[in-house]
Amino acid sequence: MSEKKLTVLQAVKGMNDILPPESARWEWLEARMRSVLQRYGYQNVRTPIVEPTALFVRGIGEVTDIVEKEMYAFEDRADKHGQAEHLALRPEMTAGVVRAMIEHSFLRDSGRRLYYFGPMFRREKPQKGRYRQFHQMGIEALGFSGPDVDAEVILLGNRLLCELGLVEGDHFRLELNCLGSPEERRAHREALIKHLELHVDLLDEDGKRRMHSNPLRVLDTKNPALQDMANAAPRLLDFLGEASLAHFNGVRAILDAAGVKYTINPRLVRGLDYYNLTVFEWITDKLGSQGTVCGGGRYDGLIEQLGGKPTPAVGFGMGLERMLLLLEEVGAMPAAPVPDVYAVVPSATGLPQVMAALDQLRAAGVCVLMHPGQSSMKSQFKKADASGAAWALIFGEDELARGEVGLKPLREQGEQLYLPLGSVGEWAGRLTQA
Ligand code: ATP
Ligand code: MG
């Protein structure tokens, strides 16, 4: 070993370790979400983190922030023929899910309802609610064209937020828009470019650059100086034909019947190119400019664009870091889980019987914590108290010598009882009902 002191390595900027006790909040969030997803009949899908770069360029669109500026793309090592693949860390998962569905002919006979959890990667400026590795939970309903499935996806998202303890109006709101069909967008685009040209002096750099390449995105601006101009711009909603309007009204009728509140935001366009008809976002004003916790919409053209048979589809992606920040901010995060039992084991004598008895309890479903040996009875009782456990099981030398174990309630007054060491497992029922 060299004498030189090695520098301590750190995680990549914008990529976070998730450690206890924070990791317990993640597990709680994920478990809550899975329970909702199952009730709506969605099935889990897991796809690789690395995909061919071309998948995202084709899927997300070349003139988007993600593909232009944010993607971690690299050239793999060359194979024996000197060929190297262009690969990218996934910045989102819809394109990967669609690729997998096409590759495995999963869309042949009927529709699919899928969900995923996983890390995504975007090279953005790290700040609260915005990271370079972040996590999304998302759903995709593939093969359904009716407005009922758009509404189902929105109802599911709403149910997730409500079951996490968030309240519409106080903590989040839903915004809805209809982007119509590519033809309707083309007609609107011409009118919009005329409007932007009239106000070109006002436009910021992004606005000028996108005025012709992606004018709809200019309306998405957060620049306060552009709000009046953007509000006065021709509205895509006014360019929609009968079919698009009927679809939009179909979605709205279901949301209305279910009592889901929303506002129509004619300027809501979303950051990816693949959307058509319904788009939506759940927004909070509790997280500053990282206020979009979930966004999605219909993307009927994507599957064909990625080489599959034309197939309608709709879905959303929810940012888990932002969800956790929001839950923390509004006090909707549950208290950390506590063990049922803390085992006080003041001496190493008899440890084999102690461990065997605790294993019986765990087999019977009891959550047991222990840090045996080294410290005094008093300090172990302190730890037992701090752990939040409802009971202490006391494996003192005297008790053990009698073949017994002491049981003491920690959260309420009560006598210490003595149980036979060999049959503590039979007490499991009492120990878990805290
Ligand atoms: P934003 O406008 O905040 O950049 P976006 O439109 O790029 O969001 P989507 O591509 O729609 O985001 O991704 C869906 C969700 O994923 C977002 O609503 C957000 O909650 C989350 N998300 C997106 N980018 C990040 C990031 N860099 N860090 C943390 N969460 C993110
Ligand atoms: Mg973004």
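Shown above is the structure to which this text applies.
Anyway, here's the lowdown on the structure attached to this text. (Residues numbered from 1 in each chain as written. Chains lettered and ligands numbered in written order. Predicted model: local features only at pLDDT ≥ 70, side-chain atom pairs only at ≥ 80, totals over all residues. Heavy atoms only, no water.)

**Remarks on a nonpolar patch on the surface**
- A surface patch of nonpolar side chains, amounting to about 210 Å² of accessible area, comprises Ile49, Val50 and Phe74.
- Structurally, isoleucine 49 is set in the loop between strand 1 (43–44) and strand 2 (50–52).
- A relative accessible area of 34% places isoleucine 49 in the partly exposed class. (Patch = residues over 30% accessible without salt bridge, like charges linked within 9 Å, V, L, I, M, F, W, Y side chains within 5 Å. Areas by Shrake-Rupley, 256 points an atom, 1.4 Å probe, with all protein chains shown as cover. Salt bridge = Lys/Arg side-chain N within 4 Å of Asp/Glu carboxyl O. Helix = DSSP H or I, 4+ residues; strand = E, 2+ residues; numbered from the N terminus. Buried < 20%, exposed > 50% of the residue type's maximum accessible area, 1.4 Å probe, protein only.)

**Quick notes on the pairing of strand 9 (residues 276–283)**
- Of all eight residues in strand 9, eight are buried; the element is thus mostly enclosed.
- Pairing analysis gives six bridges linking strand 9 to strand 10 (residues 292–298), with the strands arranged antiparallel. Along strand 10, the bridge assignment pairs tryptophan 282 with cysteine 294. (Pairing = 2+ DSSP bridges.)

**Thoughts on the site of ligand 1**
- Within the structure, ligand 1 sits among 15 residues, and Arg122, Glu124, Arg130, Tyr131 and Arg270 are positioned closest to it.
- When ligand 1 sits alone it has 590 Å² of accessible area, and the protein chains cover 89% of it.
- Mapped onto the shell around ligand 1, the elements with two or more residues apiece are strand 6 (133–142), strand 10 and strand 11 (313–319).
- By residue number, the principal contributor to the shell around ligand 1 is strand 10, which donates three residues.
- Taken together, the residues that form the shell around ligand 1 break down as five nonpolar, five polar and five charged. (Near = heavy atom within 4 Å. Nonpolar A, V, L, I, M, F, W, Y, C, P; charged D, E, K, R; others polar.)

**Brief notes about the packing of aromatic side chains**
- Scanning the entire structure with this criterion turns up five aromatic pairs.
- Between tyrosine 274 and tyrosine 299 the ring centres are 5.5 Å apart and the planes differ by 50 degrees, which places this aromatic pair in the tilted class. On the criterion of sequence distance, the pair formed by tyrosine 274 in the loop between strand 8 (263–264) and strand 9 and tyrosine 299 in the loop between strand 10 and helix 11 (302–305) is long-range, its members being 25 residues apart.
- A relative accessible area of 7% places tyrosine 274 in the buried class.
- Residues phenylalanine 280 and tryptophan 282 carry aromatic rings whose centres are separated by 5.6 Å and whose planes lie at 75 degrees to one another, so their mutual orientation is edge-to-face. Accessibility classification places phenylalanine 280 together with tryptophan 282 in one group, the buried group. (Phe/Tyr/Trp six-rings, centres within 6.5 Å; stacked < 30°, edge-to-face > 60°.)

**A closer look at the nonpolar core**
- Membership of the largest hydrophobic core comes to 48 residues, with the highest contact counts inside it found for Met33, Met137, Ile139, Trp282, Phe316 and Met323.
- The dominant element in this core, judged by the number of residues it contributes, is helix 5 (residues 147–163), at seven residues.
- Filtering out sequence-adjacent residues up to four positions away, methionine 137 remains in contact with Met33, Leu37, Tyr116, Phe117, Leu160, Phe316, Gly317, Met318 and Leu320.
- Met120, Leu179, Leu196 and Leu226 belong to the second-largest nonpolar core, a separate cluster that totals 44 residues. (Core = buried A, V, L, I, M, F, W, Y, C linked by side-chain atoms within 4.5 Å. Contact = heavy atoms within 4.5 Å.)

**As for the sheet that holds strand 9**
- Ordered in space as 1-5-6-11-10-9-7-8, the eight strands form an open sheet in which the pairing is mixed. Where the open sheet ends on each side, the last strands, each with one partner, are strand 1 and strand 8.
- Contacting strand 7 (173–178), strand 8, strand 9 and strand 10, helix 10 (residues 242–257) runs over the sheet at an angle of about 160 degrees to strand 7. (Axes fitted to C-alpha atoms, helices over the stretch in contact; angles between N-to-C directions.)

**Quick word on the pattern of salt bridges**
- Within the structure shown, the criterion is met by 18 salt bridges.
- A salt bridge links arginine 209 to glutamate 68, with the nearest nitrogen and oxygen atoms 3.6 Å apart. On the criterion of sequence distance, the pair formed by arginine 209 in helix 7 (residues 205–213) and glutamate 68 in helix 3 (residues 65–70) is long-range, its members being 141 residues apart.
- Given a relative accessible area of 41%, arginine 209 falls into the partly exposed group.
- The partly exposed category is assigned to glutamate 68, whose relative accessible area is 37%.
- For arginine 130, the salt bridge is made with glutamate 124, and the minimal N-O distance between the two is 2.8 Å.
- It is possible to trace a salt-bridge network through shared partners that takes in Glu51, Arg99 and Glu103.

Nothing here speaks to function; it is all geometry.
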